[in-house]
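# Residue-level structure breakdown
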Amino acid sequence: MTSTTTRTADLVLEGGGVKGIALVGAATALDEAGWRFARVAGSSAGALVGAIIAGMQQAGEPMTRVDEIMRTLDYRKMLDRRAGGKALRWWPRAANAWGVIFHLGMYRGHYMTQWVRGVLADLGVRTFADFAFDDPGSALAPDQSYRLLVTASDLSRQRLMYLPWDLATYGVEAHSYPVSRAVRASSAIPFIFEPVRLRSEHGLSTLADGSLLRSYPIEIFDRHDGKPDRWPTIGIRLSSPSSERAPAKPVTGPVSLIQSLIYTTVDSTQMRHVSEPINVDRSIFAKPTGVRWTDFDLTGEQQQGLFEAGHAAGQRWVARFPDGPPPRPPDPDPGGGQIDVR
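Residues numbered from 1 in each chain as written. Predicted model: local features only at pLDDT ≥ 70, side-chain atom pairs only at ≥ 80, totals over all residues. Heavy atoms only, no water.

## Quick word on the environment of L148
Mapped onto the fold, L148 is located in strand β4 (residues 148-154). With a relative accessible area of 2%, L148 lands in the buried category. Taking C-alpha positions, L148 is 9.3 Å from I53, a pair spaced 95 residues apart along the chain. Setting aside residues no more than four positions away along its own chain, L148 makes contact with V40, G50, A51, A54, F128, F131, L163, P164 and V179. (Helix = DSSP H or I, 4+ residues; strand = E, 2+ residues; numbered from the N terminus. Buried < 20%, exposed > 50% of the residue type's maximum accessible area, 1.4 Å probe, protein only. Contact = heavy atoms within 4.5 Å.)

Put into structure tokens, the structure is as follows:
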């Protein structure tokens, strides 16, 4: 049942490959409970879903259309090879190796970029200028007031990037930067998709999956100026609250070694802050089972299963916190070296 009460929150979406469909299910459950999202932040799959949600809300479209649009994404077409890889399609391992050696990724990622660009264009969004808005009650600087924020990993400078916020420090005009390109950079899973290049005053940067350094930036919209938050942040994770009892997964070859390295890097950067009680309470744990994050051959039944898993998790969270998550305690050190964002 859809609530008639409208409440505001910021939304943060974790990365997780094709499992990102579960994010849509959980966000739909929040929408049915009357939640609307002032800002959306996301990493990798969370960046892709977040961009669509932000665009839909800005255009006044119902959340039900987010699921409809996501169902038009053909995951098989995301595995688009360049000409050299296509010539070796009879030998997939060689085609994969060719892509990684010459382009740093097995797949080009062109279809993903075009799909996101087309969907957002239909909603009137092309560059971050289209997501900029005036918010005089915010602690944000005027040049940081955007409805969408995505993470990316600058491998060339070994640092996390928040797009579009950090573009100015690179000498790049944030307003004119394409949203689809930022989403593509955030979704560039290492070795699977080619990274995105950013030419700036620092030289040529190589941008890859935002999940490498910040898969779940749940704290990004917290304000640190001593004032109470105007509204809560609600996050959606694609993992469980704790992995302490997770069974060991043997490393059986180079591919599983690479995947394990990525997972270990991501988990080590997330565990400290996401396990704090205040962050657990404001997180929906929509962990789907039976699908791997790289299963790009999803069937319609599997997509529906992912959506339903996320939707059920969202409904459970709403039942537990019908009035929203507990308020954050006052910041003991206003300023505290943090970015004031709300």
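Structure shown, so let's carry the discussion forward.
## A word on the packing of aromatic side chains
The full count for this structure, using the stated rule, is seven aromatic pairs. Aromatic side chains Y162 and W165 sit 6.2 Å apart centroid to centroid with 55° between the ring planes, which places their arrangement in the tilted category. Judged by its relative accessible area of 11%, Y162 falls in the buried class. Here W165 falls in the buried class, since its relative accessible area comes to 9%. When the centroid spacing of 5.8 Å and the interplanar angle of 90° are considered together, the rings of F193 and F296 count as edge-to-face. With F193 in strand β6 (residues 191-193) and F296 in the loop between β10 (283-285) and α11 (300-320), this pair connects stretches of sequence that are 103 residues apart. Among the aromatic residues, those joined into a cluster by ring pairs are Y107, F193 and F296. Lying across the ring of Y170, R157 places its NZ or CZ 5.0 Å from the centre. (Phe/Tyr/Trp six-rings, centres within 6.5 Å; stacked < 30°, edge-to-face > 60°. Lys NZ or Arg CZ within 6 Å of the ring centre and 35° of its normal.)

## A short note on the pattern of salt bridges
In this structure the tally under the stated criterion is 14 salt bridges. When the shortest N-O distance is used, the salt bridge between R282 and D222 registers 2.8 Å. Highlighted residues: R282 in the loop between α10 (277-281) and β10 and D222 in the loop between α8 (211-214) and β9 (233-237), separated in sequence by 60 residues. For the residue pair R282 and D222, the accessibility class agrees, reading buried in each case. Note that D281 and R320 form a salt bridge whose closest N and O atoms lie 3.5 Å from each other. Of the two residues, D281 sits in helix α10 while R320 sits in helix α11, which places them 39 residues apart along the sequence. The structure contains a network of salt bridges with shared partners spanning D10, R39, D135 and R230. (Salt bridge = Lys/Arg side-chain N within 4 Å of Asp/Glu carboxyl O.)

## Some points on the nonpolar core
Core analysis: the largest hydrophobic core is formed by 87 residues, its most contacted members being L30, I53, M70, W115 and I236. Ranked by the residues each element gives to this core, the list is headed by helix α2 (residues 45-58), at eight residues. In this view, M70 contacts V24, L48, V49, I52, Y75 and W115; residues no more than four positions away in its chain are not counted. (Core = buried A, V, L, I, M, F, W, Y, C linked by side-chain atoms within 4.5 Å.)

## Re the packing of helix α6 (residues 110-122) against helix α7 (residues 179-186)
Relative orientation of the contacting elements α6 and α7 amounts to 140°, with a least axis distance of 9 Å. The angle between α6 and α7 falls in the class oblique. In the crossing of α6 with α7, the sense of the turn from one axis to the other is right-handed. Two secondary-structure elements touch here, α6 through M112, T113, V116, R117 and L120 and α7 through V179, S180, V183 and R184. Looking at the contact of α6 with α7 residue by residue, the classes come out as five nonpolar, two polar and two charged. (Axes fitted to C-alpha atoms, helices over the stretch in contact; angles between N-to-C directions. Parallel < 35°, antiparallel > 145°, perpendicular 65-115°, else oblique. Left-handed = near helix turned anticlockwise from the far one by under 90°. Nonpolar A, V, L, I, M, F, W, Y, C, P; charged D, E, K, R; others polar.)

## A short note on the pairing of strand β7 (residues 196-200)
Residue alternation in β7 divides its side chains into a buried set, V196, L198 and S200, and an unburied set, R197 and R199. Turn length for the β7-strand β8 (residues 203-209) hairpin, with the two strands adjacent in sequence and antiparallel, is two residues. (Pairing = 2+ DSSP bridges.)

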